[in-house]
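Okay, here's what each chain looks like letter by letter:
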Amino acid sequence: MQKLSHHMMAVHQTCHQTASPVAAVQFSHVSVQRGKRIIWSHGTFQIPPHSVVAIVGTNGAGKTTLLNVELGLIPVKTGTVRIWGEPAGTANQHIGYVPQNYATDIDSNITAEQSVALGLIGTRFGIHRLKNSQKAAITHALELSGIADKANLRLSEMSGGMRQRVAIAQALVSNPQLLLLDEPFANLDIPGQRELVRVLADLNEKYNMTIQIVSHDLNLLLPILTGAIYLLDGHPHYAPVGNVMDSKLLTHLYGTHVEVLKTAEGDMYVRPDPAVEPKGRSEHMHTPAEAASFHVSREPGGEDNS
Amino acid sequence: MITSAFSSFATVTSTLSSSAWIDILTAPFMVNAAIAGLLISLAAGFIGYFVIARKSAFAAHALAHIGLPGATGAVLIGIPVNIGLGVFALAGALTIGALGKKAGKREVATGSILAFALGLGLFFSRLSSAASQQMQAILFGSILTITSGQLWAFLVVDIVLFAVLALIYHPLLFSTVDENVAQAKGVPITAMNLIFMALMALVVTVSSQAVGTLLIFALVVTPAAAANTLTRSPLSSMIWGSVICLFSIWGGLVISTVLPTPPSFVIVTLSTLVWAISQGIAAARK
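Residues numbered from 1 in each chain as written. Chains lettered and ligands numbered in written order. Predicted model: local features only at pLDDT ≥ 70, side-chain atom pairs only at ≥ 80, totals over all residues. Heavy atoms only, no water.

Trainee: Would you mind showing me how to read unusual backbone geometry here?
Mentor: Residues and elements named next belong to chain A. Positioned with a positive phi, His29 is a non-glycine residue whose angle comes to about 50°. We note that Asn208 has phi near 60°; this positive angle belongs to a residue other than glycine. Looking at the element boundaries, Asn208 is found in the loop between helix H6 (190-206) and strand E8 (210-214). (Helix = DSSP H or I, 4+ residues; strand = E, 2+ residues; numbered from the N terminus.)

This is the structure in structure tokens:
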């Protein structure tokens, strides 16, 4: 098992050596405070361009806050955040943002297509008509997110999952370099979830997009993940995928037993409920205390300490 | 004075022959009322779309009531009713707007302030007999007493509304659809909310002249809601909202000339009727 993990690490490291030197996301000693509460602190990490990164952590750990910090919407208490080398909030035109619950607070007849158009002209003052090139971009974005056939349906007639796809299309239409998605699987059915993973893989490969996804369901994302930011004990850490997808860490992260299995092909599966598994598999399990000691020495690149 | 003119007008019309009410329909006060109806409908239909989309219907209703003490207070100190109403509605709008878009859903807070404002309006009206006499016109409207001076004021409000809407249309719509995404993309959402609330206060002030502060819902919210169910784009919803509003007001003027009914009653009835039909159509489509 350990060998496989090292093998995967090596593969990812060679991938990243060819990447551009400017990090997609760079945090240096970042801490965030809201009111009197420190949400998290000591955030120091870099996400290489062309990554697909999951943001994991328990409820209330500050995952959405992390996205908002990257967007420059929440001021940091200490440290600096840079997106493509620019201070957070100054390059948002290159960021596509898909919120957790899109357009739930509206009672309007606006259609999917009109909503996606706002991704292009929504920030502009004055009256603007869509150019043909913009119309083509809207159609393309709707196709990518799989709702081109529902372009003329109103948002108010759509299910949560369909609105989610509209939100993704709206984020994609401006051709962002960085895509931030907050719990994108929450409203999707199983075929929809698999399709979204395929879309994200495409965006990453064909369009060279860097993607960050807040998600509890790592099973879905594992095939495409290159790394993860895990919010643990009040600090965000980044690790390439071989490092973070480990039963010990995930167990500590969620405070409950989580098991990682590695198949012959190198695929890994997170099993959140080992109680229903055959007894023979429990050898991968660690107590939270063991996991905690494991975590302390674990920084990106420090896998030898385990 | 206005209310007595009102009731005597209704009594007179009930005894008129058919040729006589054509004279009434072409009388200067009726022409003024018709022009006012057009100006109010344009404003109400366009702002109404955003009132519906942003789920601010209750805030619109509340603004009219918050304007009431301004209106009766204005009579008390001898300034035009519209100015007093407008100043109070604007102050209320900016306060609600400063609390954020979600404040529209703070029903308890908004409703409590609404009740207090109504009480204060009553108190002011009791302090002077002039205010007391105008109370019914303020609450239920007096579209037949609109002066040419007021029409010019309405025109200015319409021009301001359309100029501002043309300027902020896309960002306002973006922040209406999803405030988080709009903010992430750089839309100044607090400014959008404040501007929207201020525009709503202007439209409420103008519209309350036609149907009064109590029935404002029927002009600013009901036609827009009907249009919203029947159309498939913001612009068509705004245009149809204005058309339904205009139909209600002009219909109200004509019918209240022929039948002994106050115009406000017919305006509200027509607007509610169109809304009910739109809901029926929407239900039949499903």
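Trainee: Would you explain helix H6 (residues 107-127) of chain B in this entry?
Mentor: Because each turn of an α-helix spans 3.6 residues, side chains separated by three or four positions end up pointing in the same direction. All names here are of chain B. A rise of 1.5 Å per residue sets the reference length of H6, with its 21 residues, at 30 Å; its end C-alpha atoms lie 30 Å apart and thus fit the reference within 8%. Within the sequence span of H6, burial applies to Thr110, Gly111, Leu114, Ala117, Gly121, Phe124 and Ser125. In a view along the axis of H6, the buried residues occupy a sector of 145°, so they form one face of it. Among the exposed residues of H6, those pointing more than 90 degrees away from its buried face are Val108, Phe116, Arg126 and Leu127. (Expected span 1.5 Å × (residues − 1). Buried < 20%, exposed > 50% of the residue type's maximum accessible area, 1.4 Å probe, protein only. Arc of directions from axis to C-beta.)

Trainee: It is not clear to me how the sheet that holds strand E7 (residues 178-182) of chain A should be interpreted in this structure. Could you clarify?
Mentor: Hydrogen bonds between backbone atoms are what pair the strands of a sheet, whose relative direction is either parallel or antiparallel. Residues and elements named next belong to chain A. Pairing is mixed in the open sheet, where six strands are placed in the order E6-E7-E8-E3-E9-E10. Edge positions in the open sheet fall to strand E6 (95-98) and strand E10 (235-240), since each of these has one partner strand only. Strand-to-strand twist across the sheet, computed as the mean angle between neighbouring axes with direction ignored, equals 15°. Its contacts with the sheet put helix H2 (residues 63-70) on strand E3 (52-56), E6, E7, E8, strand E9 (227-232) and E10, and the angle it makes with E7 is roughly 150°. Against the sheet, H6 engages E3, E7 and E8, with an angle of about 155° to E8. (Pairing = 2+ DSSP bridges. Axes fitted to C-alpha atoms, helices over the stretch in contact; angles between N-to-C directions. Contact = heavy atoms within 4.5 Å.)

Trainee: What is the right way to look at the sheet that holds strand E5 (residues 86-87) of chain A in this model?
Mentor: Residues and elements named next belong to chain A. Strand order in the open sheet made by the four strands is E2-E1-E4-E5, with antiparallel pairing throughout. A strand with exactly one partner marks an edge of an open sheet, and here the two such strands are strand E2 (37-47) and E5. Across seven bridges, strand E1 (residues 25-34) lies against E2 in antiparallel orientation. Within E2, the residue paired with Phe27 across the bridge is Phe45. Contacting E1, E2 and strand E4 (78-83), H2 crosses the sheet at an angle of about 120° to E1.

Trainee: Honestly, the layout of surface pockets in this entry has me stumped. Any pointers?
Mentor: To find leftover empty space, a probe the size of one water molecule is rolled over the atoms. Within this model, the largest pocket holds a volume of roughly 760 Å³. Going through the elements one at a time, helix H3 (112-121) and helix H4 (132-144) of chain A together with helix H3 (28-53), helix H8 (148-177) and helix H13 (234-258) of chain B are the ones with two or more residues in the lining of the largest pocket. Here the lining of the largest pocket gets six residues from one element, more than from any other, and that element is H8(B). (1 Å grid on protein atoms, 1.4 Å probe; cavity = no way out; pocket = protein on both sides within 12 Å on 5 of 7 lines; lining within 4 Å. Points joined across faces, edges and corners; volume = space filled by probe spheres on them.)

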